[in-house]
Amino acid sequence: MNIVKRRIILRFPPQSGDKPLSYVLVKDYDIRINILKAEVMPGKRGSLLLEMEARQSNLDKGIAYLEAHNVECQPLDKRIQFNSDKCISCGNCTAVCFAGALTMNQVTWKMEFNKELCVACELCVKACPLRLFDIDFRDGN
Amino acid sequence: MAKEKSYQEINEKIKKGEAVVLTAEEVAQLAKTCTPEEIVEKVDVVTTATFGAMCSSGVFINFGHADPPIRMEKIRLNGVPAYGGLAAVDTYLGATSVNSNNPEYGGAHVMQELIEGKDIILEAWGKGTDCYPRKHIRTVINKNTINEMILFNPRNAYQNYNVAVNTTSKIKYTYMGTLLPNMRNATYSTAGELSPLINDPEFKTIGVGTRIFIGGTTGYVAWPGTQFHTTKPKDENGVPITNAATLAVIGNMKEMSSAFLQAAYYEKYGVSLFVGIGIPIPVLNVEIAKRVSINNSQITTTVLDYGSPGQPKLGYVTYEQLRSGEIEVNGQKVRTAPVASLAKARTIAALLKEMIEKGDFLLQEPIQMFPTGTSLKGLAEIEITE
């Protein structure tokens, strides 16, 4: 069976810090997790960007487990808005993207965005002089 | 005897649709197998271009007179201050002027919206005079209601520009983009071998009156640009190895397109304007053929530390190295990124080539050549005693 890798933003409700949820993902569902970004506002909420690698069926079960504990799960690429039609390929965003998601094509010199490599550092949001990026790590819908 | 061509000969060929036009990138390729003598024979015109943020840009506007009329002494366009010291209903709106309530919105944005035909709120105040009795007006304008909008940019198209790095431990927000701490990135802004003033470094064909592509239409070189510096250090090819000469350019903004004039906001710096400029260079003789043959490996620029006071010099790199994605500075490998659009510059060079091939764009010989031996003055702080 295929092993899949997904980047998911988890949004934790208040008072959810007492459950070792990521431990369960590893132990019970055999998901390899890699924490790419985390932000905790005690008593309010928390956001976590996880890269999860597992069999598809285990990944589905792991996400269902999280959602059963009121943790919202959304793929990272759904939370990234990029207005590509207005992009002029100036390259400013590629200067700050150490994850390698934003790169210049060395032949056409057009900017290319591989969302799968994004770690939601959000540096591009401010670096783009046309303000074409919006990454929603914290708030959700 | 080496071949010499005149503007008239080349223009005759353009009119007949017989002129051979290459972009500066194409001629740099051709030069790998052809001598300059052969290039003069084969090529008539080389198109160069650039598309970068050029802060010293703006537009003259004439609003027309209201009834009763007003002598506008304080002017706001969508809240952005425009100059109020220029006759009754003339103004100059600078690209970097900003709305104080929204500093991310400035003159460049108003210019782009005007080009796109959008409505702009004009508010103006005057003291009221016998001939201009009105003291205040608040109305809506757009490109169709105003008499003229004339783009006039005092300093564009820099001949070469520095590479920016940041050696400090703090992130720096600059007009050269976001510079990560500890030299984690380096940014550069020149189109290299495609850049106009690098292909004619001694201004043999570019001067006052040169017809150019600007912002999507035809315009002119109006004058040498401000901070016009011709005595900066040059390499063995005669090309300055740092920012040197500039151009003042002019064109009818009513004919321009936001595809080639684009507003920008730089974090913790301010508003600027991306300007698209294309300049044709006639291949008049062997000397010019040599100049336009230059390629990225032959163009050097200076790496400066934008994080430290005085921007200390850290070394030199070529555009070939910059384009490779990585340079070495003080023994450290540094990732590079452009901050001006080569893709757009290529579009402009190709468009200009097409216009010339079709006979829609003739070359204009400069009516006055640029000065030589110029340098820059700093600004002294002189104590003023009342």
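Calculation notes
Residues numbered from 1 in each chain as written. Chains lettered and ligands numbered in written order. Predicted model: local features only at pLDDT ≥ 70, side-chain atom pairs only at ≥ 80, totals over all residues. Heavy atoms only, no water. Helix = DSSP H or I, 4+ residues; strand = E, 2+ residues; numbered from the N terminus. Buried < 20%, exposed > 50% of the residue type's maximum accessible area, 1.4 Å probe, protein only. Salt bridge = Lys/Arg side-chain N within 4 Å of Asp/Glu carboxyl O. Contact = heavy atoms within 4.5 Å. Buried area = accessible area lost by both parts, 1.4 Å probe. Polar contact = N/O pair within 3.5 Å; in protein donor to acceptor, adjacent residues only side chain to side chain. Nonpolar A, V, L, I, M, F, W, Y, C, P; charged D, E, K, R; others polar. Pairing = 2+ DSSP bridges. Axes fitted to C-alpha atoms, helices over the stretch in contact; angles between N-to-C directions. Domains from an automatic or database assignment. Expected span 1.5 Å × (residues − 1). Arc of directions from axis to C-beta.

### A word on the overall build of chain A
Next, step 1: When you go through chain A residue by residue, the secondary structure sums to four helices and eight strands.
Next, step 2: Helices (α) and strands (β) of chain A occur, in sequence order from the N terminus, as β-α-β-β-α-β-β-α-β-β-α-β.
Next, step 3: Considering only C-alpha atoms, chain A reaches an extent of 45 × 40 × 20 Å along its principal axes.
Next, step 4: Buried residues in chain A amount to 45% of all 141 residues.

### Some remarks on the pattern of salt bridges
Next, step 1: Under the defined criterion, the tally for this structure stands at 18 salt bridges over all chains.
Next, step 2: With a shortest N-O distance of 2.9 Å, Glu26(B) and Lys353(B) are connected by a salt bridge. Pair noted here: Glu26(B) is in helix 2 (residues 24-30) and Lys353(B) is in helix 8 (residues 342-357), with a separation of 327 residues, a long-range link.
Next, step 3: Through salt bridges with shared partners, a single ionic network connects Lys126(A), Arg131(A), Glu104(B) and Glu267(B).

### Things to note about the interface of chain A and chain B
Next, step 1: Across the contact, 23 residues belong to chain A and 30 residues belong to chain B.
Next, step 2: Between chain A and chain B, a total of about 2000 Å² is buried, with carbon and sulfur atoms accounting for 56% of that surface.
Next, step 3: At the surface where chain A touches chain B, the tally comes to three salt bridges.
Next, step 4: With a shortest N-O distance of 2.6 Å, Glu267(B) and Arg131(A) are connected by a salt bridge.
Next, step 5: Across the contact surface, chain A and chain B share 10 residue pairs in polar contact (both at pLDDT 80 or more).
Next, step 6: Elements with a minimum of two residues in the side of chain A that touches chain B: helix 3 (92-96) and helix 4 (123-127) of chain A.
Next, step 7: When residues of the side of chain A that touches chain B are assigned to their parent elements, the largest contribution, four residues, is made by helix 3 of chain A.
Next, step 8: Across the side of chain A that touches chain B, the residue classes tally to 14 nonpolar, six polar and three charged.

### What about the sheet that holds strand 4 (residues 74-77) of chain B?
All names here are of chain B.
Next, step 1: The antiparallel open sheet is built from four strands, whose spatial order is 5-4-9-10. Pairing within the sheet leaves two strands with one partner each, and these edge strands are strand 5 (80-82) and strand 10 (136-141). Going across the sheet, the axis of each strand differs from the next one's by a mean of 25°, ignoring polarity.
Next, step 2: Alignment of strand 9 (residues 120-125) against strand 10, held across six bridges, turns out to be antiparallel. Directly across from Ile121, in strand 10, lies its bridge partner Val140.
Next, step 3: Each of strand 4, strand 5, strand 9 and strand 10 is contacted by helix 4 (residues 107-115), which is oriented at about 125° to strand 9, the strand it contacts most.

### Observations concerning the domain arrangement of chain B
All names here are of chain B.
Next, step 1: Under the domain assignment used here, chain B contains domain 1 (7-54 + 155-357) and domain 2 (64-146).
Next, step 2: Using C-alpha coordinates to define each centre, domain 1 is positioned 33 Å away from domain 2.
Next, step 3: For the pair domain 1 and domain 2, the summed buried area comes to about 1200 Å², and 68% of that belongs to carbon and sulfur atoms.
Next, step 4: Its largest share of buried area at the contact with domain 2, domain 1 owes to Met253, Lys254 and Val271, together 45% of the area lost on that side.
Next, step 5: Counting only elements with at least two residues in the side of domain 1 that touches domain 2, the list comes to strand 19 (261-266) and strand 20 (270-282).
Next, step 6: Residue contributions to the side of domain 1 that touches domain 2 peak at five residues, all from strand 19.
Next, step 7: Residue composition of the side of domain 1 that touches domain 2, grouped by class: eight nonpolar, four polar and one charged.

### Notes on the environment of Val317(B)
All names here are of chain B.
Next, step 1: Relative to the helices and strands, Val317 is located in strand 22 (residues 313-318).
Next, step 2: Relative accessible area serves as the criterion here: at 4%, Val317 is assigned to the buried category.
Next, step 3: With 12 residues separating them along the chain, Val317 and Val329 place their C-alpha atoms 8.8 Å apart.
Next, step 4: Excluding anything up to four places from it in sequence, Val317 contacts Val163, Ile299, Thr300, Thr301, Val303, Leu322 and Ile327.

### Things to note about the domain arrangement of chain A
Residues and elements named next belong to chain A.
Next, step 1: The domains assigned to chain A are domain 1 (3-77) and domain 2 (79-135).
Next, step 2: Placing the centre of domain 1 and that of domain 2 at their C-alpha centroids yields a distance of 26 Å.
Next, step 3: Opposite the 11 residues of domain 1 that make contact, domain 2 presents 10 residues.
Next, step 4: Counting every contact that joins domain 1 to domain 2 gives one salt bridge.
Next, step 5: Across the pair Glu122 and Lys37 runs a salt bridge whose closest N-O atoms are separated by 2.8 Å.
Next, step 6: On the surface where domain 1 and domain 2 come into contact, there are 10 residue pairs in polar contact (both at pLDDT 80 or more).
Next, step 7: Mapped by element, the contributors of at least two residues to the side of domain 1 that touches domain 2 are strand 1 (3-12), strand 2 (32-41) and strand 4 (72-75).
Next, step 8: By residue class, the composition of the side of domain 1 that touches domain 2 is five nonpolar, one polar and five charged.

### Quick notes on helix 2 (residues 56-68) of chain A
All names here are of chain A.
Next, step 1: Between the first and last C-alpha of helix 2 there are 18 Å, a value that for 13 residues agrees with the 18 Å anticipated at 1.5 Å per step.
Next, step 2: Residues of helix 2 that are buried include every one of Asn58, Leu59, Gly62, Ile63, Tyr65 and Leu66, and no others. One side of helix 2 holds all its buried residues, which, seen down the axis, span an arc of 155°.
Next, step 3: In the core, the buried residues of helix 2 are packed alongside strand 1, helix 1 (21-29), strand 3 (45-55) and strand 4.
Next, step 4: Phi turns positive one or two residues past the end of helix 2, at Asn70, with a value near 65°.

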